[in-house]
Structures are given as structure tokens and as C-alpha cells.
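Report on the structure
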Amino acid sequence: MKIDYKKNADGLIPAIIQDANTKNVLMLGYMNDEAYQKTLDTKKVTFYSRTKKRLWTKGEESGNFLHVVTIKNDCDNDTLLISVHPSGPTCHKGSDTCWNEDNVQEFGFLTQLETVIDQRRKAADGSKSYVASLFEKGINKIAQKVGEEAVEVVIEAKDDDDNLFLNESADLLFHYLILLQAKDFKLNDVVEVLKKREKK
């Protein structure tokens, strides 16, 4: 891998650290060639500490190492993206990331939708919210709706109307997310089960 350490006067390049599973950015550090080579050799992220003026392996004191999965160089050969498996909190202040965020898997729009469902559930006004009305009716009604939507998906899968199939699929996914929350779970809980089933 060609890395241009001469772009900056101090001979250091930024290294962005990203969780290999959640894709969340955990921290930013700096590397020189020696730090990069040690990272390759040990498979643990090592930086050049600008304050300590020496190489610094993340986790050398806390035990919260960053285990390297992949290393990518950017288009200008002067910034690294390092995908890792963290063995604990990344930030020295004890948080998952250096931005004080939880390092949890997110699913874009589906995560936003889960948040809306949770808000409607807590608002508990069935006269103004379809979601709230389902929660008021209880788990049996919610489970029934999931069953109905699943049957409709199967029916539409056998026909040739892609638009109807996609709409019924959206209805099924929407009601399934409601059912998950009725059982006090989120999509992440299902994903964790699938991960455990993954064959190594």
C-alpha cells in the first residue's frame, strides 16, 4: 500500500477508526510509518501520540484494544480508514466513541421508523395514531396484523404486480417492527440472533 506521509510537515497521516460491524466511526488518530508497520505486525491499532511523542497502541493501558480487520487508503494516499473489532470502550473517558455515542448498529430509515413507533407508543393516543391504537388493543391484535400482512405478501408474491408485492411487503415490515416493540425488542435484537447463526 502506497502511503504519502509527506503531505503533512510532521510526517503524520490521519487514521479514521471504524467499527467493522456497526460501521460507526469510533475515533481519529495519527500514524507515521512506524506506527503503521506496528499495526500491521500486531493486528492492533497503533498511533503516533502527538502529546506523548511516541508510538501508542490503543488499549496498552486500558486493555481496550482495536483489533484490525481491514485497512484502506483514500484516493490521495494520505488518509487511512481502519476497520476494527473494539474490545471495549474506545474513548479514554469510557464511552464507546470519542463523540460520546453508543456504538450500536443502525439501519438508516428503519432505525428512524423504530424511533417513531416508540414515540407513538409512549404517546398512547389511539384516537390520533394508528400505531398507538394497535398498542392499546394489545399483543394479540398486533400479532394478528402481522399474520394478515404475511399472508397478503405470500398472495402477492404469486402474482405479477410488483407494486402490490412491494406495498404488502412494506406493510408486513412495518407491523413486524411494531410487534417487536410490543415484545420489548428492536431490530438489533433479531440481527444479533442472525449473527450468532453465521457460519465462520
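Data block above holds the structure.
Remember, predicted model here, so these are calculated numbers, not experimental data.

**Side note on the overall build of the protein**
- Secondary structure summary: the protein contains six helices and six strands in total.
- The secondary structure elements of the protein, listed N-terminal to C-terminal, are β-β-α-β-β-β-β-α-α-α-α-α.
- Whereas a compact globule of 200 residues would reach a radius of gyration of roughly 16 Å, the protein reaches 23 Å, over 25% beyond that.
- C-alpha atoms of the protein, sized along the principal axes, occupy 65 × 40 × 30 Å.
- Expressed as a percentage of the 200 residues in the protein, the buried residues total 34%.
- Partitioning the contacts of the protein with sequence separation of at least 6, the portion at a separation of at least 24 is 48%.
- As displayed, the protein has an accessible area near 12500 Å², and 52% of this comes from carbon and sulfur atoms.
- Treating the 29 positive side-chain charges of the protein as one cloud and the 33 negative ones as another, the clouds have centres 7 Å apart.

**Focus on the sheet that holds strand β1 (residues 13-19)**
- Across the sheet, four strands lie side by side as β2-β1-β6-β5; this open sheet has mixed pairing. Every other strand in the sheet has two partners, leaving β2 (25-31) and β5 (66-73) as the edge strands with one partner each. Each strand of the sheet is rotated relative to its neighbour by a mean of 30°, with strand direction disregarded.
- The sheet contact formed by β1 and strand β6 (residues 80-86) spans five bridges and is parallel. The residue bridging Ile16 from the neighbouring strand is Leu81, located in β6.
- The sheet contacts of helix α1 (residues 33-42) involve β2, β5 and β6, and relative to β5 the element is tilted by about 125°.

**Considerations on unusual backbone geometry**
- A positive phi angle is found at Lys43, which is not glycine, with a value near 65°.
- Its place among the elements puts Lys43 in the loop between α1 and β3 (46-49).
- We note that Asn100 has phi near 55°; this positive angle belongs to a residue other than glycine.
- Mapped onto the elements of the fold, Asn100 is located in the loop between β6 and α2 (109-123).
- With relative accessibility at 64%, the residue Asn100 sits in the exposed group.

**Focus on the layout of surface pockets**
- Roughly 490 Å³ of internal volume is contained in the largest pocket.
- Lining the largest pocket are 23 residues; nearest its centre among them are Met27, Phe47, Trp56, Lys58 and His92.
- When the residues that make up the lining of the largest pocket are grouped by side-chain class, the tally is nine nonpolar, nine polar and five charged.

**Brief notes about the environment of Asn21**
- In this fold, Asn21 is placed in the loop between β1 and β2.
- For the pair Asn21 and Thr39, spaced 18 residues apart in sequence, the C-alpha to C-alpha distance is 20 Å.
- With near-sequence residues (within four places) excluded, Asn21 lies in contact with His85, Gln105 and Lys195.

**Observations concerning the packing of α2 against helix α5 (residues 162-182)**
- It is at 10 Å that the axes of α2 and α5 come closest, and there the two elements cross at 55°. Our classification of the angle between α2 and α5 gives oblique. Judged by the sense of rotation from one axis to the other, the crossing of α2 with α5 is right-handed. Between α2 and α5, the residues in contact are Leu110, Leu113, Glu114, Ile117, Asp118 and Arg121 and Leu173, Phe174, Leu177, Ile178, Gln181 and Ala182, respectively.

Cut-offs used in this document
Residues numbered from 1 in each chain as written. Predicted model: local features only at pLDDT ≥ 70, side-chain atom pairs only at ≥ 80, totals over all residues. Heavy atoms only, no water. Helix = DSSP H or I, 4+ residues; strand = E, 2+ residues; numbered from the N terminus. Rg over C-alpha atoms; globule rule 2.2 N^0.38 Å. Buried < 20%, exposed > 50% of the residue type's maximum accessible area, 1.4 Å probe, protein only. Contact = heavy atoms within 4.5 Å. Areas by Shrake-Rupley, 256 points an atom, 1.4 Å probe, with all protein chains shown as cover. Lys, Arg positive; Asp, Glu negative; His and termini not counted. Charge placed at Lys NZ, Arg CZ, Asp CG, Glu CD. Pairing = 2+ DSSP bridges. Axes fitted to C-alpha atoms, helices over the stretch in contact; angles between N-to-C directions. 1 Å grid on protein atoms, 1.4 Å probe; cavity = no way out; pocket = protein on both sides within 12 Å on 5 of 7 lines; lining within 4 Å. Points joined across faces, edges and corners; volume = space filled by probe spheres on them. Nonpolar A, V, L, I, M, F, W, Y, C, P; charged D, E, K, R; others polar. Parallel < 35°, antiparallel > 145°, perpendicular 65-115°, else oblique. Left-handed = near helix turned anticlockwise from the far one by under 90°.

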